[in-house]
Amino acid sequence: MAKQTMKALRETAEAMLEAGISNKQQLLAAVPAVVALQDATRRLGYTLNAAKDVVRRLVEACSDYAHEHPEHVFDETFSVTPVGVESGDLAIEGRIYHYSRGFDGFVRTEPGVLLTQEFIRGLPEGWTKEKAELDLAGIKSAAPDAEALEAAGLRRKIKCCWSLLQQH
């Protein structure tokens, strides 16, 4: 059996959604389509993540070179704003590419060291926010029933999954 393209898998699934799943015959046709599309999106996700990593590293390499040699790369189009944002245009084979180097949040001064909760709690007052979020482990250990959850304005989130267990 030849592998179907992502487009073909998606179109098949869309057609099945359009027709609906209202009998066992439609279910028997749809479940393999669901699993095939899930598998294809997972594989595509791995490929996309790898490509994003390569793009990120190439952007950094090109930007590092441009930042270190602005007069050689940009000629008279290079400028720096009062807040330190750099920009310039680069002509390559009849196309103009725009470069900008600004600021996007904050990172640790030590390369590769993460902004841990412990580190963030140690920052000066006013530099952090308190973040309220559900403690799933706490709710699980309390073992509330449906009535207790509803009284708190919650309900259990349904998760459905189809997978291929065995192939003949």
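Residues numbered from 1 in each chain as written. Predicted model: local features only at pLDDT ≥ 70, side-chain atom pairs only at ≥ 80, totals over all residues. Heavy atoms only, no water.

K.L.:
Can you explain the overall build of the protein? Please cite residues and give values.
P.N.:
Helix and strand counts for the protein come out as six helices and three strands. Going from N to C terminus, the protein has its helices and strands arranged as α-α-α-β-β-β-α-α-α. Over its C-alpha trace the protein gives a radius of gyration of 26 Å, far above what one expects of a compact globule, namely 15 Å for 168 residues. In terms of overall dimensions, the protein has a C-alpha envelope of 70 × 50 × 30 Å along the principal axes. Every one of the 168 residues in the protein was classed for burial, and the buried ones make up 11%. The contacts of the protein with a sequence gap of at least 6 include a subset with a gap of at least 24, amounting to 27%. Accessible surface computed for the protein: about 15,300 Å², of which carbon and sulfur atoms make up 58%. Between the centroid of the 20 positive side chains of the protein and the centroid of its 24 negative side chains there is a distance of 11 Å. (Helix = DSSP H or I, 4+ residues; strand = E, 2+ residues; numbered from the N terminus. Rg over C-alpha atoms; globule rule 2.2 N^0.38 Å. Buried < 20%, exposed > 50% of the residue type's maximum accessible area, 1.4 Å probe, protein only. Contact = heavy atoms within 4.5 Å. Areas by Shrake-Rupley, 256 points an atom, 1.4 Å probe, with all protein chains shown as cover. Lys, Arg positive; Asp, Glu negative; His and termini not counted. Charge placed at Lys NZ, Arg CZ, Asp CG, Glu CD.)

K.L.:
A description of the pairing of strand β3 (residues 95-101) should follow, citing residues and the corresponding values.
P.N.:
Relative to β3, strand β2 (residues 86-92) is paired through seven bridges, and the arrangement is antiparallel. Counted as the bridge partner of Ala91 is Ile96 from β3. What sits between the antiparallel neighbours β2 and β3 is a turn of two residues, in which Glu93 has the positive phi angle 50 degrees. (Pairing = 2+ DSSP bridges.)

K.L.:
I'd love a proper account of the sheet that holds β3, names of residues and values included.
P.N.:
The antiparallel open sheet is built from three strands, whose spatial order is β1-β2-β3. Looking at which strands have only one partner, the edges of the open sheet turn out to be β1 (79-80) and β3. Of the strand pairs in this sheet, β1 and β2 are connected by two bridges, and their pairing is antiparallel. Across the sheet, residue Ser79 finds its bridge partner in β2, namely Ser87.

K.L.:
I'd like to hear about a nonpolar patch on the surface, residue by residue, with values.
P.N.:
Where nonpolar side chains cluster on the molecular surface, the patch consists of Ile21, Leu27, Val34 and Trp162 and spans about 340 Å² of accessible area. Secondary-structure assignment places Leu27 in helix α2 (residues 24-68). The class for Leu27 is partly exposed, based on a relative accessible area of 33%. (Patch = residues over 30% accessible without salt bridge, like charges linked within 9 Å, V, L, I, M, F, W, Y side chains within 5 Å. Salt bridge = Lys/Arg side-chain N within 4 Å of Asp/Glu carboxyl O.)

K.L.:
Let's hear about the packing of aromatic side chains: which residues, and what values?
P.N.:
A full pass over the atoms with the stated rule returns two aromatic pairs. Consider the rings of Phe74 and Phe78, whose centres lie 5.7 Å apart with planes at 15 degrees: the pair is stacked. Phe78 sits in the partly exposed class, given a relative accessible area of 24%. Their ring planes at 25 degrees and their centres at 5.2 Å tell us that Phe74 and Tyr99 sit as a pair that is stacked. Note that Phe74 is positioned in helix α3 (residues 70-74) and Tyr99 in strand β3, a separation of 25 residues in sequence. (Phe/Tyr/Trp six-rings, centres within 6.5 Å; stacked < 30°, edge-to-face > 60°.)

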